[in-house]
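# Fold and contact review
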Amino acid sequence: MKKISFYIGRKNTVTFFLASAVLLFGIYSFFGEVVYFFSGSEAIDLKDAMEIDKANFEKVDDGDFVQVKGITSVQGGAIQRGITGTEYILYYLTGSSKFIINEKNDGESKGPQYKTVRGRAYKFKTNSNAARMRNFFARSFMIEMDEDGILIEAGLEPGSDYAALIFFIMLIAAMGLNIYLFIRPLKQKEDPMENDIDEI
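Here, residues in each chain are numbered from 1, in the same order as that chain's written sequence. For a predicted model such as this one, the threshold for reporting local features is a pLDDT of at least 70, and the threshold for listing and counting side-chain atom pairs is 80 or more; totals across whole chains, interfaces and linings nevertheless cover every residue. Excluding hydrogens and water, the side-chain values take into account all heavy atoms of the structure.

This paragraph deals with helix H3 (residues 128–141). Every helix listed is a DSSP run of H or I at least four residues long, and every strand listed is a run of E at least two residues long, numbered separately from the N terminus. One less than the residue count of a helix, multiplied by 1.5 Å, gives the span that helix is expected to have. With 14 residues, H3 should reach 20 Å at 1.5 Å per residue; the first-to-last C-alpha distance of 20 Å fits that figure. Among all positions in H3, only Ala130, Met133, Phe137, Ala138 and Phe141 are buried. One face of H3 carries all of its buried residues, which in axial projection span an arc of 135°. Within H3, the exposed residues directed more than 90 degrees away from the buried face are Ser128, Arg132 and Arg139. For H3, the N-terminal capping position is held by asparagine 127, with its side-chain oxygen 3.1 Å away from the main-chain nitrogen of asparagine 129. The buried label goes to any residue with under 20% of its type's maximum accessible area, the exposed label to any with over 50%, and the partly exposed label to all in between, with areas taken from a 1.4 Å probe on protein chains only. The directions from the helix axis to the C-beta atoms are what the arc is built from. Contacts described as polar in this section are N or O atom pairs within 3.5 Å, which, within protein, must combine one atom able to donate a hydrogen with one able to accept it, while residues neighboring in sequence count only if both atoms come from side chains.

The end-to-end C-alpha distance of helix H4 (residues 162–182) is 30 Å, a good match for the 30 Å that 21 residues give at a rise of 1.5 Å each. Restricting attention to buried positions, one finds in H4 the residues Ala164, Leu165, Phe168, Leu171, Met175, Asn178 and Phe182. The arc enclosing the buried residues of H4, seen along the axis, measures out at 145°, which places them on a common side. Looking at H4, the residues exposed on the side facing more than 90 degrees away from the buried face are Tyr162, Ala163, Met170 and Tyr180.

Time to look at the nonpolar core. Working definition of a nonpolar core: buried Ala, Val, Leu, Ile, Met, Phe, Trp, Tyr and Cys residues. They are joined through side-chain atoms within 4.5 Å. Core analysis: the largest hydrophobic core is formed by 16 residues, its most contacted members being Leu46, Val68, Phe99, Ile101 and Ile152. Ranked by residues supplied to this core, first place goes to strand S8 (residues 150–154) with 3 residues. Of all hydrophobic cores here, the second largest spans 12 residues; its members include Tyr92, Tyr122, Phe124 and Phe141.

This part is about unusual backbone geometry. Residues other than glycine seldom take positive phi values, yet lysine 47 does so here, at roughly 65°. Residue placement: lysine 47 occurs in strand S2 (residues 44–48). Classification of lysine 47 by relative accessible area gives partly exposed; the value is 41%. Of note, the phi angle at methionine 142 is positive, near 55°, even though the residue is not glycine. Here methionine 142 lies in the loop between H3 and S8.

Turning our eyes to something else, we now look at the packing of aromatic side chains. Each aromatic pair joins two rings of Phe, Tyr and Trp (for Trp, the six-membered one) with centres within 6.5 Å, and gets the label stacked for planes under 30 degrees apart, edge-to-face for over 60, and tilted for any other angle. Tallied over the entire structure, the rule returns 11 aromatic pairs. A ring pair is formed by phenylalanine 30 and phenylalanine 167, whose centres lie 4.9 Å apart and whose planes are at 50°; its orientation type is tilted. On the criterion of sequence distance, the pair formed by phenylalanine 30 in helix H1 (residues 10–37) and phenylalanine 167 in helix H4 is long-range, its members being 137 residues apart. For phenylalanine 30, a relative accessible area of 25% gives the class partly exposed. An aromatic cluster is present here, built from Tyr92, Phe136, Phe137 and Phe141 joined pairwise through their rings.

Right, dumping it as structure tokens:
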């Protein structure tokens, strides 16, 4: 006679906790991206860069969707990001020391222009990457941005970054598989009370 029992092996325990730590860190890292993906499409309107809406500006937190109008600068820089080395250009809005814009390079040469920038905001005070960009402008171009200013990832609007959503779903699925492999509920085990008749 056989019975059904839960089985948790020692090797499984070590593997499970190591894998769980890595997967949970990944899930935590991408959680904000998923929340932003499903957030509303209405941006916090900061109006014109030279005469910003101070009330709305003070409401901005890291990761918020914002928009601001202004004249783009010529002076800036370029950085490469991601595995593919996608190039992004950096610039500021003329007449304001509160905004650095990080925008994907579309290959077109553009001079100063009045435009509306829409994207995800990160504060210099609280986001390490935004702080690095502020320091980069100060060192490279001798341009001091206000400490309470923000970096805007232009073009990054809610519902646009499917890669982050797909990766998050894959991490959740991997976590489920990890739990399933850790607890195998239908492993059959022989009943120790059942002995061969010759052994009685």
